[in-house]
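Listed here are the chains, written in short residue letters.
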Amino acid sequence: MMRRFFLLLALAWTVHPAASTREQLINGINRLNSDVLELRDVLESSISNRCNSIRGCYRMSFDECQSEYTERQVCPTLAESGYAVPDCGRGINCNGLFDYTITTVRMPASIANGKNGNPTNPEVTESVCYTRTAQQWMIRKYNADKDVWKALNVSSPQMYFGSSTGVFRIFPGRHSKECGVYDPRTRPWYKLTVPSTISNSVKPRNVVILMDTSRSMNETLIRTTNGTETKLSYMKKAVRSTVRGLSERASVAVIRFGEFPSIVGRPGAEEPFFWKQATEEHRDDLVESINKINVQGRSNWVSAFNFAFSLIRNSLAHTKAKDEYACELENIALLFFSDGGYNLPAGTSDDDVVELVSARVKEVEAAGDYHIHPFFYSLGNMDPDQVEKQISCAVDGYWTPTTGSIAPGNLTSGYSTLFSTPMGTDAFRNYTSWSEPYNFTTSGEIGYTVSSLVYNRDVEPARFMGAVGMDISAKAAQELYGGSMNETIIAMEQIIQASEERNFNATCNQQRINLTYCETQSMRHMTGGNAAICLPEKPETNISKDEVEDILPPADSIIVEEALNVTGTNGTNATSTVPDQVEDFVFDGEEIERPTEGEVDELIFDALLNCSKGFLPNCPGYDEYPDDLWRNVDLQGLDYQDRVCCRVGTNEVASECPKLDEIRNTKISDAAIFGILFGALVALELAGCYWCFYRKKRQSQAVDD
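Residues numbered from 1 in each chain as written. Predicted model: local features only at pLDDT ≥ 70, side-chain atom pairs only at ≥ 80, totals over all residues. Heavy atoms only, no water.

Quick word on empty space enclosed by the protein
To find the voids left in a structure, one rolls a probe of water-molecule size over its atoms.
Right, on to step 1. One pass over the full model with this rule turns up nine cavities of 30 Å³ or more.
Right, on to step 2. Put simply, the second largest cavity is a space of about 120 Å³.
Right, on to step 3. Lining the second largest cavity we find 14 residues, and of these Gln-158, Arg-174, Tyr-182, Thr-441 and Asp-471 sit closest to its centre.
Right, on to step 4. Among the residues forming the lining of the second largest cavity, the class breakdown is seven nonpolar, three polar and four charged. (1 Å grid on protein atoms, 1.4 Å probe; cavity = no way out; pocket = protein on both sides within 12 Å on 5 of 7 lines; lining within 4 Å. Points joined across faces, edges and corners; volume = space filled by probe spheres on them. Nonpolar A, V, L, I, M, F, W, Y, C, P; charged D, E, K, R; others polar.)

In structure tokens, the structure reads:
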């Protein structure tokens, strides 16, 4: 009897397939590493041909909620797809519709602000268009490898790309439960991939944010069809997006200021103030506190900057005292939001503010291997002579003026791009990043993502464009490994860490943000257009008056000629923005053709700055990009279950599926039934043994008697 008991116990212990091994898990990880790098190369090639991708982009993509997919969509079992849609079923009787012949596009509502959820920003439209060319690679990859993964008893991985503009394209195609919510830049897999979080040998980024909350910030910034957006509400959206995009290893401090500065999200905190690790809890606290901010008082920039630099110095001293890193490099982003005006202290001039910030930056950077990267955001103030622009030129910073036309979530994209520049070098070419286990959006299951950064290498420095990723569920990893879930997670961590240490060892110099003169000007152009460029005091150029007139119409040529001889304060100059400000050009009483932005860029970068690869020219027809990207919007307004729930083996929506799922959930699961039967069997075995033992004992006693 006891022998049969141990046989049953051994049978229960060997539920996992014996063929699964650590080597098999390593092979799976290596295969995903290789595949994600191949997908990265495909996306970079697509980006290089981005202008060609605009052709044929009209009504060629599928929206995450509105579009009906092709007749080739299927309703797979859980075993076939590796995913079950909880709102529809468990992948046995019912599941959600998947389409393995297309990809789906998701984007946050803030950038899908056109008719039928189409983007209106040309850069966002470009992201949708150039990613579409990678769709065919994803489909071919799936069909070529599905039998390989099936042989390993593992479902094929999802494949996707998240752009720095907020566009997300994923294979296989499937609908989203929440529409206009998904932003790849806030997801764990994307944030882990973003540079300065890649290695323990290099410290993560430190971010200090200054928010002007004086009374003038309550003025209207922009009027839209959805109502009025004030400078304050727009700034709060931009800051919230920046905070949410930080990884857990980053550190952050948010400062609000009017007449007096104060730290945000840390009630009761006392001096000295420090930045704080951007844990999920702290990010949530900051977002909640930012939501509650109202305007008050006048604006005192001097007090705000002194407060911020004091916090930076305190934090650096505090970090150094308990430093566990061999590398002392600290990259610090200083993000300053205002409307370009201050009124305190009385008698303060623009020169005073410029000199103050310049002195504070030099003071911090002289104290160690510390580097401050300042970004200035002028809300509603486009004047290129204003003090924020002057400061940016004096401290190797970057200036972004906006009237609110930039989606708030994309306003600080220049800061993310700058911090990504080291990873665009050859030293990091084959680096991949693995996430910690997290909940997948569609299925809610725990899993991992391997990802790699994507760059546009047609410009110097190579410009960060987003990240590609592939998924493997924790269950799939467990199938490969063969141990318990805890054992599998530990094994995954060990294998990934060993791989990273073997293939990648970051040094301080490799992570240093050390741009050349031309690269700095390129980044300025990227963050704020021509207006943000800081022209040199004495341009080293051989350009002649005739060459200027050949490039630009006469009215603008006069202004550019002046740029060759006349400089502004601290080397700044407003001349490069004139083509954006002048509506009509008149010469000899006749209206002449306005110069294109590409012509102006070429003149500035080639002739004035001698930086031929410093800018990305706009694609032809930049102002006439397609305004309707979706194949159809036939499912617009339908509930999630009415769009996606299906009976396994069909390819159409089945309204009875959620009901069948409810019935199914009222029954005892297969695992529970097995557990009950197994427990009952064990109990019977034990009872039988006890009865036999008791009977023999009684018989023995009877003999003795």
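Some details on the side chain of Asn-95
Right, on to step 1. In this structure, Asn-95 sits in strand β1 (residues 94–96).
Right, on to step 2. The class for Asn-95 is buried, based on a relative accessible area of 0%.
Right, on to step 3. There is a polar contact of 3.0 Å between the side chain of Asn-95 and the backbone oxygen of Pro-76.
Right, on to step 4. Among the polar contacts listed, one links the side chain of Asn-95 to the backbone nitrogen of Val-85, at a separation of 2.9 Å. (Helix = DSSP H or I, 4+ residues; strand = E, 2+ residues; numbered from the N terminus. Buried < 20%, exposed > 50% of the residue type's maximum accessible area, 1.4 Å probe, protein only. Polar contact = N/O pair within 3.5 Å; in protein donor to acceptor, adjacent residues only side chain to side chain.)

Points about the packing of helix α13 (residues 413–420) against helix α17 (residues 517–528)
Right, on to step 1. The contact between α13 and α17 brings their axes to 9 Å, and the two run at 155°. In this view, α13 runs roughly antiparallel relative to α17, as classed from their interaxial angle. Seen along the crossing, α13 lies across α17 with a hand that is right-handed. Contact with α13, carried on its side by Ser-413, Gly-414, Thr-417 and Leu-418, involves Met-523, Met-526 and Thr-527 of α17 and no other residues of that element. (Axes fitted to C-alpha atoms, helices over the stretch in contact; angles between N-to-C directions. Parallel < 35°, antiparallel > 145°, perpendicular 65-115°, else oblique. Left-handed = near helix turned anticlockwise from the far one by under 90°. Contact = heavy atoms within 4.5 Å.)

Some details on the packing of aromatic side chains
Right, on to step 1. Using the criterion set out here, one finds 23 aromatic pairs in the structure.
Right, on to step 2. Taking the centre distance of 4.6 Å and the plane angle of 40° together, the rings of Phe-168 and Tyr-182 count as tilted. Of this pair, Phe-168 sits in strand β4 (residues 168–171) while Tyr-182 is found in the loop between β4 and α7 (188–193), placing the two residues 14 residues apart along the sequence. Across this residue pair, the class does not change: Phe-168 and Tyr-182 are buried. (Phe/Tyr/Trp six-rings, centres within 6.5 Å; stacked < 30°, edge-to-face > 60°.)

Examining helix α11 (residues 350–365)
Right, on to step 1. End to end, α11 covers 23 Å across 16 residues, agreeing with the expected 22 Å (1.5 Å per residue, within 8%).
Right, on to step 2. Of the positions making up α11, those classed as buried are Val-353, Val-354, Leu-356, Val-357, Ser-358, Val-361 and Val-364. (Expected span 1.5 Å × (residues − 1).)

Some thoughts on the pairing of strand β16 (residues 446–456)
Right, on to step 1. Buried residues dominate β16, accounting for ten of its eleven residues.
Right, on to step 2. When strand β14 (residues 433–434) meets β16, the two strands line up antiparallel, connected through two bridges. Residue Ser-433 lies in a different strand from β16, and its bridge partner there is Ser-451.
Right, on to step 3. Taken together, the two bridges between strand β15 (residues 438–439) and β16 define a ladder with antiparallel strand orientation. Following the sheet pairing, Asn-439 is matched in β16 by Ile-446.
Right, on to step 4. With ten bridges connecting them, β16 and strand β17 (residues 463–473) associate as antiparallel partners. Within β17, the residue paired with Tyr-455 across the bridge is Phe-464.
Right, on to step 5. With antiparallel pairing between neighbouring strands as the criterion, β16 and β17 make up a hairpin whose turn holds six residues. (Pairing = 2+ DSSP bridges.)

Topic: the side chain of His-282
Right, on to step 1. Topologically, His-282 is positioned in helix α9 (residues 280–291).
Right, on to step 2. Accessibility expressed as a relative area gives 2% for His-282, which makes it buried.
Right, on to step 3. The residues contacting His-282, other than those within four sequence positions of it, are Val-252, Arg-266, Lys-276 and Gln-277.

Quick look at the state of the cysteines
Right, on to step 1. A full pass over the atoms with the stated rule returns seven disulfides.
Right, on to step 2. One disulfide bridge connects Cys-75 with Cys-646, the sulfur atoms lying 2.0 Å from each other. Torsion about the S-S bond of the Cys-75 and Cys-646 cystine: about 85°, corresponding to right-handed handedness. With Cys-75 in the loop between α3 (50–54) and α4 (78–81) and Cys-646 in strand β20 (residues 645–647), this residue pair connects regions lying 571 residues apart in the sequence.
Right, on to step 3. Cys-75 gets classed as buried once you look at its relative accessible area, which sits at 4%.
Right, on to step 4. Cys-646 sits in the buried class, given a relative accessible area of 0%. (Disulfide = S-S within 2.5 Å.)

Remarks on the pattern of salt bridges
Right, on to step 1. Going through the model one piece at a time under the given rule, you end up with 20 salt bridges.
Right, on to step 2. A salt bridge links Asp-41 to Arg-40, with the nearest nitrogen and oxygen atoms 2.7 Å apart.
Right, on to step 3. In this structure Asp-41 comes out as partly exposed when scored by relative accessible area, which is 36%.
Right, on to step 4. Assessed through its relative accessible area of 2%, Arg-40 is described here as buried.
Right, on to step 5. Linking Asp-628 and Arg-59 is a salt bridge whose minimum nitrogen-to-oxygen distance equals 2.9 Å. You can see Asp-628 sitting in the loop between α21 (597–608) and α22 (640–644) and its partner Arg-59 sitting in the loop between α3 and α4, a full 569 residues away along the chain.
Right, on to step 6. For Asp-628, a relative accessible area of 14% puts it in the buried group. (Salt bridge = Lys/Arg side-chain N within 4 Å of Asp/Glu carboxyl O.)

A closer look at the packing of α11 against helix α12 (residues 387–394)
Right, on to step 1. Running from amino to carboxyl end, α11 crosses α12 at an angle of 35°, the nearest separation of the two axes being 9 Å. Between α11 and α12 lies a crossing of right-handed hand. In this structure, α11 uses Asp-350, Asp-351, Val-353, Val-354, Val-357 and Ser-358 to contact α12, whose residues at the interface are Val-387, Gln-390, Ile-391 and Ala-394.
Right, on to step 2. Partitioning the contact of α11 with α12 into residue classes produces six nonpolar, two polar and two charged.

Section: the pairing of strand β3 (residues 159–163)
Right, on to step 1. Counting buried positions along β3 gives five out of five residues, so the element sits mostly inside the fold.
Right, on to step 2. Of the two faces of β3, the one holding Met-159, Phe-161 and Ser-163 and the one holding Tyr-160 and Gly-162 are both buried throughout.
Right, on to step 3. Here β3 runs beside β4; their pairing, made up of four bridges, is antiparallel. Across the sheet, residue Gly-162 finds its bridge partner in β4, namely Phe-168.
Right, on to step 4. In this antiparallel pair of consecutive strands, β3 and β4, the connection spans four residues, and Gly-166 shows a positive phi of 105°.
Right, on to step 5. Bridge count between β3 and β17: five bridges; the pairing is antiparallel. Bridging from a neighbouring strand, Met-159 pairs with Met-470 of β17.

Quick notes on the layout of surface pockets
Right, on to step 1. What the second largest pocket holds in volume is close to 980 Å³.
Right, on to step 2. Around the second largest pocket, the lining is made up of 35 residues, and of these Leu-78, Ala-79, Glu-80, Gly-82 and Ser-155 lie nearest the centre.
Right, on to step 3. Contributions of two or more residues to the lining of the second largest pocket are made by α4, α6 (135–151) and α14 (474–481).
Right, on to step 4. Broken down by element, the residue count for the lining of the second largest pocket peaks at five residues, all from α6.
Right, on to step 5. Across the lining of the second largest pocket, the residue classes break down as 16 nonpolar, ten polar and nine charged.

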